[in-house]
Amino acid sequence: MEENKITLSEDEKDVLQELMNIAYGSATAVVADMLDAFASLSIPNIQVLTMHELFETFDKLKNSSYFFATQAFSGEFNGESAFFINEESAQNLATHLEIESKEDLDDAILELTNVLTSSLTTQLAAEMGSEVIFSLPSIFKVPLQEIENVETFQLYSQVIVIDTDLNFQDQKIHGKIFILTKDESIQWLKTKLNIILEQLI
Amino acid sequence: MRKFLVTDDSKLARRTLIKSLKEYILEERIFEASNGFEALKLTLKEKPDVVFLDLTMPVMDGYEAIPKIKNINPDIKIVVVSADIQEKAKEKVYALGATLHVQKPIKSDKMKAILEVI
Amino acid sequence: MAQNETQYNLRTADLDNGIIIVDDTLSIYHFNKWLELHTKIDEESVLTKKLDEIFPNIKTKTLIRKIKTALRMNTPTFYTAATSHYLIPIKINQFKNSIFEYMQQDVSIIPYDKEKKLVALIIKDQTNMASANALLNSHIEEIKKLNQALIEEQKLREKQHQQLLTSSRSAAMGDMISMIAHQWRQPLSLITTMMANMKVKKELGTLDDATLQNSFKKIEETIYYLSDTINDFRDYFKPIKVKSNINLYELFSKSIFFLKDEMSQYNINYKINIDKNIEIYTYKNELLQSIINIIKNSIDAFKETTLTNKNITVSLEQKTDKIILFIEDNAGGIDKEHLEKIFEPYFSTKSKNGTGLGLYICKTIIEKHLKGTIDIYSDTNGTKVAITLPTLL
């Protein structure tokens, strides 16, 4: 697969970053409403990684005992999202939402994942003027030590990783969401990004 | 004729904004900056009347730049163009002295509305 | 999602899913047939009432939050059976799903009418799936536990094995010390005697230079001999494992010198039928320990016999990349029932002093460290031990 390594040019990265920024702004507004809190936005980070490199990135997060949830999305633009939130943030989230049981907390984390994923991917597709239809996302929780065994991850050879921080400073809630999209979707994305670029010249 | 300064770290964001701005404004009256600090320098040098300003930028972000730009010219109009549409974010930029807060991206129709307001 | 598409989905979902249409204050607008059947509550009786009044188990705040989020984003939000178990309590009467008291449900909250702030709650029965998962998880837990126990047992066994090797080493060391003590007795008494002789001659004034020279020379030789035995002894217990070229003839003639005394004490003929040039590359001390063990077993066997012609013979057969060493005695053999257990730890036929570890350790060393094999044949005549070793380890 190495020889087919897809790269993103600086311009393509810039376009994607900006589109993601806009999508993320809307997503954050929804989450902020949901939590009745104010989030500080950061610039999304965009990389093309091999699965090996991605697992290394996940591995660093694993060490600080993160909760981890994934959600798949499909359509012309398809892939999977992975949301990490550490133990402390999860506790703060529980306090903030007045949640008492572990299961309700899990539910709230899945909800956060769902809100971020749906609103990010919907917005991103809309910004690219695509006719993408989103099927119902499936959502599940994965124990950290089994991340590498997540079956759908085995389907990827390289992924565009768009990672960004969810950061509620006052409530001390920090999370990290990855939007992973695989080979054909990367090509589709590249084409769309270039159409946007050409329209601006 | 008024002068305009467009500030955003994303080239795409600047292109998009300038493209719609050019429909109403002559190109030579439009200047570009890629962060808050450059915006400050250009505000001193080119003396723009309107500054379009993004919030999340490296070196100096929008929140820091607003009062500093206002300090140079209290009459300057600052239009915050951001992806951050949280109510709190809007309140914050208005408190700092922004004239307007609009959601990205700015296409032709939105630009027309903005130019009418300011 | 488009209105008519949503409605189409709702119609198809109507057959085997629960559907409730509520607004963002949880007022009920529709309660479908499926739910009527499962909850035994009529739609008529719940319309315009609040969902959380009908089902007090529902956490109002959470549900309203999910509904508002779905309306705001215009995409579905969810409850999953895996974490939330169920929204609408429906008792299960089936025996096969007895893990759960209530039907396990996946719930999708789908925007239905943005203007009126209506959402459709689609309730899917996931009890079978959840049961399968629960069963699977309990099995996984069990397998994990068993696996852990196995790993610990393995560790314990390795530790015990290590202890065995160590104790066999100290047992061997004890044996050697007594052999050396035995061996030193004669040279030491030789030295004592010669010194006493010189002392007497000196007092009588008959000590000439030649006698003095001769005596000193003899004493010196004897001391060297004592020193050599100590060196051999020390080499043997060196903790470092180093491979080297070993001349097999020398190994059986010189290196086991301390056994020769014992053999001559019991009138045993010790014969070495090995070509003097044959060498193999292996761990010397480990090989030596095994050989001493086997020869000592033969010597011990003779101690219990009344034979007059006692033989221990060592011979060798050369193959392409290995050699086979044979150590043979005519001490009457080993009982068949004992033979089967001879390589088991703590097996001993010796009434006293036997640790029962000797041959077990031999086998372990030869197989694990020297990558060879050991076999034993026995009949009423005697016993033959065959050790196969690689020539280059």
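Look above for the structure.
For the structure given in this document, a descriptive report is provided here. (Residues numbered from 1 in each chain as written. Chains lettered and ligands numbered in written order. Predicted model: local features only at pLDDT ≥ 70, side-chain atom pairs only at ≥ 80, totals over all residues. Heavy atoms only, no water.)

**Focus: the overall build of chain A**
Reasoning step 1: Scanning chain A from terminus to terminus reveals 5 helices and 6 strands.
Reasoning step 2: When its helices and strands are written in sequence order, chain A yields α-β-α-β-β-α-α-β-β-β-α.
Reasoning step 3: Split into buried and exposed, the 201 residues of chain A put 60% on the buried side.
Reasoning step 4: When contacts within chain A are restricted to residue pairs at least 6 apart in sequence, long-range pairs at least 24 apart make up 76% of them. (Helix = DSSP H or I, 4+ residues; strand = E, 2+ residues; numbered from the N terminus. Buried < 20%, exposed > 50% of the residue type's maximum accessible area, 1.4 Å probe, protein only. Contact = heavy atoms within 4.5 Å.)

**Looking at the packing of aromatic side chains**
Reasoning step 1: This structure, assessed with the given rule, holds 4 aromatic pairs over all chains.
Reasoning step 2: With centroids separated by 5.7 Å and ring planes inclined at 70°, the aromatic side chains of Phe84(A) and Phe178(A) adopt a geometry described as edge-to-face. Taken together, the positions of Phe84(A) in strand β3 (residues 79-86) and Phe178(A) in strand β6 (residues 173-181) put the pair 94 residues apart, joining distant regions of the chain. One exposure class covers both Phe84(A) and Phe178(A), and it is buried.
Reasoning step 3: For the pair Tyr86(C) and Tyr102(C), a centre-to-centre distance of 4.9 Å together with 35° between the ring planes defines the contact as tilted. Placement of Tyr86(C) in the loop between α6 (81-84) and β4 (105-113) and of Tyr102(C) in the loop between α6 and β4 is noted, with a sequence separation of 16 residues between them.
Reasoning step 4: Looking at Tyr86(C), the relative accessible area reads 29%, which means it is partly exposed.
Reasoning step 5: Taking NZ or CZ as reference, Lys92(B) lies 4.3 Å from the ring centre of Tyr63(B), over its face. (Phe/Tyr/Trp six-rings, centres within 6.5 Å; stacked < 30°, edge-to-face > 60°. Lys NZ or Arg CZ within 6 Å of the ring centre and 35° of its normal.)

**Some thoughts on the pattern of salt bridges**
Reasoning step 1: All chains considered together, the criterion is met by 26 salt bridges over all chains.
Reasoning step 2: Note that Asp107(A) is salt-bridged to Lys66(C), the shortest N-O span being 3.0 Å. A residue pair is termed interchain when its members come from two chains, as with Asp107(A) in helix α4 (residues 102-127) and Lys66(C) in helix α5 (residues 60-73). Like Asp107(A), the residue Lys66(C) is buried in the burial classification.
Reasoning step 3: A salt bridge links Glu32(B) to Arg14(B), with the nearest nitrogen and oxygen atoms 2.7 Å apart. Of this pair, Glu32(B) sits in strand β2 (residues 30-33) while Arg14(B) sits in helix α1 (residues 11-21); the two residues are 18 residues apart in sequence, bridging distant segments of the chain.
Reasoning step 4: Owing to a relative accessible area of 32%, Glu32(B) belongs among the partly exposed residues under this scheme.
Reasoning step 5: Residue class for Arg14(B) comes out buried when judged on its relative accessible area of 12%. (Salt bridge = Lys/Arg side-chain N within 4 Å of Asp/Glu carboxyl O.)

**With respect to the interface of chain C and chain A**
Reasoning step 1: Of the residues lining the interface, 19 residues belong to chain C; the matching set on chain A comes to 23 residues.
Reasoning step 2: Interface area for chain C against chain A, summed over the two sides, is near 1,800 Å², with a carbon-plus-sulfur share of 54%.
Reasoning step 3: On the chain C side of the interface with chain A, the three residues burying the most area are Arg65(C), Arg72(C) and Thr83(C), jointly 32% of the side's total.
Reasoning step 4: Across the pair Lys66(C) and Glu111(A) runs a salt bridge whose closest N-O atoms are separated by 2.9 Å.
Reasoning step 5: Our count for the chain C to chain A interface comes out at 9 residue pairs in polar contact (both at pLDDT 80 or more).
Reasoning step 6: Contributions of two or more residues to the side of chain C that touches chain A are made by α5, β3 (77-79) and α6 of chain C.
Reasoning step 7: Broken down by element, the residue count for the side of chain C that touches chain A peaks at 7 residues, all from α5(C).
Reasoning step 8: Here the residues of the side of chain C that touches chain A are counted per class, giving 4 nonpolar, 9 polar and 6 charged. (Buried area = accessible area lost by both parts, 1.4 Å probe. Polar contact = N/O pair within 3.5 Å; in protein donor to acceptor, adjacent residues only side chain to side chain. Nonpolar A, V, L, I, M, F, W, Y, C, P; charged D, E, K, R; others polar.)

**Observations regarding the sheet that holds strand β5 (residues 118-125) of chain C**
All names here are of chain C.
Reasoning step 1: The strand order β2-β1-β5-β4-β3 describes an open sheet built from 5 strands, whose pairing is antiparallel. Looking at the sheet topology across the chains shown, the edges are occupied by β2 (28-31) and β3. Averaged over neighbouring strand pairs, the angle between their axes works out to 20° when direction is ignored.
Reasoning step 2: Of the strand pairs in this sheet, strand β1 (residues 18-23) and β2 are connected by 3 bridges, and their pairing is antiparallel. Following the sheet pairing, Ile20 is matched in β2 by Phe31. (Pairing = 2+ DSSP bridges. Axes fitted to C-alpha atoms, helices over the stretch in contact; angles between N-to-C directions.)

**Here we look at the pairing of strand β12 (residues 383-390) of chain C**
All names here are of chain C.
Reasoning step 1: For β12, a buried count of 7 out of 8 residues is recorded, marking the element as mostly surrounded by other parts of the structure.
Reasoning step 2: Strand direction decides the pairing type here: strand β10 (residues 322-329) and β12, joined by 8 bridges, are antiparallel. Pairing of Asp329 across the sheet is with Thr383, part of β12.
Reasoning step 3: Bridging between strand β11 (residues 373-378) and β12 involves 6 bridges; their strand directions are antiparallel. By the bridge assignment for β12, Asp375 is matched with Ala386.

**Description of the interface of chain B and chain A**
In many reports, interface size means the accessible area that the parts give up when they come together.
Reasoning step 1: The interface of chain B with chain A comprises 23 residues on the first partner and 21 residues on the second.
Reasoning step 2: Approximately 1,800 Å² of surface area, both sides summed, lies buried where chain B meets chain A, with 62% of it carried by carbon and sulfur atoms.
Reasoning step 3: Considering only the surface of chain B that becomes buried against chain A, Leu12(B), Thr56(B) and Gln86(B) emerge as the three largest contributors, covering 35% of it.
Reasoning step 4: At the junction of chain B and chain A, the tally comes to 2 salt bridges.
Reasoning step 5: With its nearest N and O atoms 2.5 Å apart, the salt bridge here joins Glu18(A) to Lys104(B).

**Structural notes on helix α3 (residues 62-72) of chain B**
It helps to recall that an α-helix has 3.6 residues per turn; residues three or four apart then point in one direction.
Residues and elements named next belong to chain B.
Reasoning step 1: What α3 keeps buried is the set Gly62, Tyr63, Ala65, Ile66 and Ile69. All buried residues of α3 lie within an arc of 160° about the axis, which places them on one face of the element.
Reasoning step 2: Of the surrounding elements, those touching the buried residues of α3 are α2 (36-46), β3 (50-53), β4 (77-82) and α4 (87-96).
Reasoning step 3: The distance from a side-chain oxygen at the start of α3 to the backbone nitrogen of Tyr63 is 3.3 Å, and the residue carrying that oxygen is Asp61. (Arc of directions from axis to C-beta.)

**Notes on the nonpolar core**
All names here are of chain A.
Reasoning step 1: Grouped together as the largest cluster of nonpolar side chains are 54 residues, with contacts concentrated most on Leu93, Ile160 and Phe168.
Reasoning step 2: No other element matches the 12 residues that helix α1 (residues 10-35) contributes to this core.
Reasoning step 3: The residues contacting Phe168, other than those within four sequence positions of it, are Val31, Ala32, Leu35, Ala37, Phe38, Ala39, Ile173 and His174. (Core = buried A, V, L, I, M, F, W, Y, C linked by side-chain atoms within 4.5 Å.)

**Some thoughts on the environment of Phe38(A)**
All names here are of chain A.
Reasoning step 1: As for its placement among the helices and strands, Phe38 is situated in the loop between α1 and β1 (45-50).
Reasoning step 2: For Phe38, a relative accessible area of 18% corresponds to the buried category.
Reasoning step 3: For the pair Phe38 and Thr28, spaced 10 residues apart in the sequence, the C-alpha separation amounts to 8.9 Å.

**Some points on the sheet that holds strand β7 (residues 268-273) of chain C**
Residues and elements named next belong to chain C.
Reasoning step 1: Taken in spatial order, the 5 strands make up an open sheet running β7-β9-β10-β12-β11, and their pairing is mixed. The two strands at the open ends of the sheet, each matched to only one other strand, are β7 and β11. Across the sheet, the axes of successive neighbouring strands diverge by a mean angle of 15°, strand direction being ignored.
Reasoning step 2: Where β7 lies against strand β9 (residues 310-318), 6 bridges are found, and the strand directions are parallel. By the bridge assignment for β9, Lys271 is matched with Thr313.
Reasoning step 3: Together, β11 and β12 form the strand contacts of helix α13 (residues 358-369), whose direction differs from that of β11 by roughly 140°.

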